[in-house]
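# A structural walkthrough
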Amino acid sequence: EFEGRPIIHVNWRAISRRREAEAALAYRHTLENLITKLSSAFINLPTEAVDSGIRKALGDLGNFVEADRSYIFIYQEGHMHNLYEWCAEGIAPEIDRMQNVPIDSMAWSNAQILRGVILNTPCVADLPPEAQAEKDEFAIQGVQSVLAVPMERRGQVVGFMGFDAVRQQRQWPEEVVDLLRIAAGIIANRLYRKQERSKIMGICRRENPKAK
């Protein structure tokens, strides 16, 4: 009662921002754990299991960041090659189309990536006019948002890890993108260790056909 009259006393506190901050922190923590597990798994991964390990990693990361397609491109002799690809259910693969693609055919985006710049594009329609070739290719694939993270090996960009949003546009937070750069570096190191070992084993077999 207040001054002899019955009243209802209500207290409220806005907690939506706090909940958003807590959710963002939990999201980041989960991704950090995923990348830690990825790094641990790749340390002792046998050479013959590298391909399947990378595909699993692309699936895990793609699912986590809610992408429809994730993939790895490697640069070689002026061309880009789609080595690995994961697609969500119902999403058409593009890996067969994206082989031996001249880097100059999508000069704008590749120039950014080769300088180590992350391309985080929530709406591909907003790309600059000089990226018309990229817009045309994304239109063919039905891509609405794209994220391309440079893959570095010993200080040199050797390719990129990409994520496509096809069914709806996506905005990837910068803190998540920074963690994906770490994941890209882990995968690049393991991939090139595999290739280096394969070259060594090939030389050994040529010099000694009985070598295992």
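Anyway, here's the lowdown on the structure attached to this text. (Residues numbered from 1 in each chain as written. Predicted model: local features only at pLDDT ≥ 70, side-chain atom pairs only at ≥ 80, totals over all residues. Heavy atoms only, no water.)

### What about the packing of aromatic side chains?
Aromatic ring pairs are described here by two measures, namely the spacing of the ring centres and the angle between the planes. Summed over all chains, the structure comprises four aromatic pairs. Geometrically, the ring pair formed by Tyr-71 and Phe-73 is edge-to-face, given 5.7 Å between the ring centres and 90° between the ring planes. What makes Tyr-71 buried here is its relative accessible area of 8%. Its relative accessible area of 5% is what places Phe-73 among the buried residues. Seen from their ring centres, Tyr-71 and Phe-160 are 6.5 Å apart, and the 85° between their planes marks the pair as edge-to-face. Highlighted residues: Tyr-71 in strand E1 (residues 69–76) and Phe-160 in strand E6 (residues 156–165), separated in sequence by 89 residues. Taking the relative accessible area as the measure of exposure, Phe-160 reaches 6% and is therefore buried. (Phe/Tyr/Trp six-rings, centres within 6.5 Å; stacked < 30°, edge-to-face > 60°. Buried < 20%, exposed > 50% of the residue type's maximum accessible area, 1.4 Å probe, protein only. Helix = DSSP H or I, 4+ residues; strand = E, 2+ residues; numbered from the N terminus.)

### Concerning the nonpolar core
Core analysis: the largest hydrophobic core is formed by 40 residues, its most contacted members being Ile-54, Ile-72, Met-161, Phe-163, Leu-180 and Ile-187. Elements represented by at least two residues in this core include exactly helix H1 (16–43), helix H2 (50–64), E1, strand E2 (79–87), strand E5 (145–153), E6 and helix H5 (174–207). Considering every element that reaches this core, the biggest residue donor is H5, with 11 residues. Look past the residues within four positions of Phe-163 in its chain and what remains in contact with it is Leu-61, Gly-62, Val-65, Ala-67, Arg-69, Ser-70, Tyr-71, Ser-145, Val-146, Leu-147, Trp-172 and Leu-180. (Core = buried A, V, L, I, M, F, W, Y, C linked by side-chain atoms within 4.5 Å. Contact = heavy atoms within 4.5 Å.)

### Quick look at the packing of H1 against H2
Put simply, H1 and H2 touch, their axes get as near as 11 Å, and they point 180° apart. One way to sum up the angle between H1 and H2 is to call them roughly antiparallel. Across from Tyr-27, Thr-30, Leu-31, Leu-34, Leu-38 and Phe-42 in H1, the residues of H2 making contact are Gly-53, Ile-54, Ala-57, Asp-60, Leu-61 and Phe-64. (Axes fitted to C-alpha atoms, helices over the stretch in contact; angles between N-to-C directions. Parallel < 35°, antiparallel > 145°, perpendicular 65-115°, else oblique.)

### Examining the pattern of salt bridges
Summed over the entire model, instances satisfying the criterion amount to nine salt bridges. Across the pair Arg-170 and Glu-66 runs a salt bridge, and its minimum N-O distance is 3.3 Å. Here Glu-66 lies in the loop between H2 and E1 and Arg-170 lies in the loop between E6 and H5, a separation of 104 residues in the sequence. Among the residues examined, Arg-170 registers a relative accessible area of 18% and is labelled buried. You can call Glu-66 partly exposed: its relative accessible area is 46%. (Salt bridge = Lys/Arg side-chain N within 4 Å of Asp/Glu carboxyl O.)

Geometric values such as these leave the question of function open.
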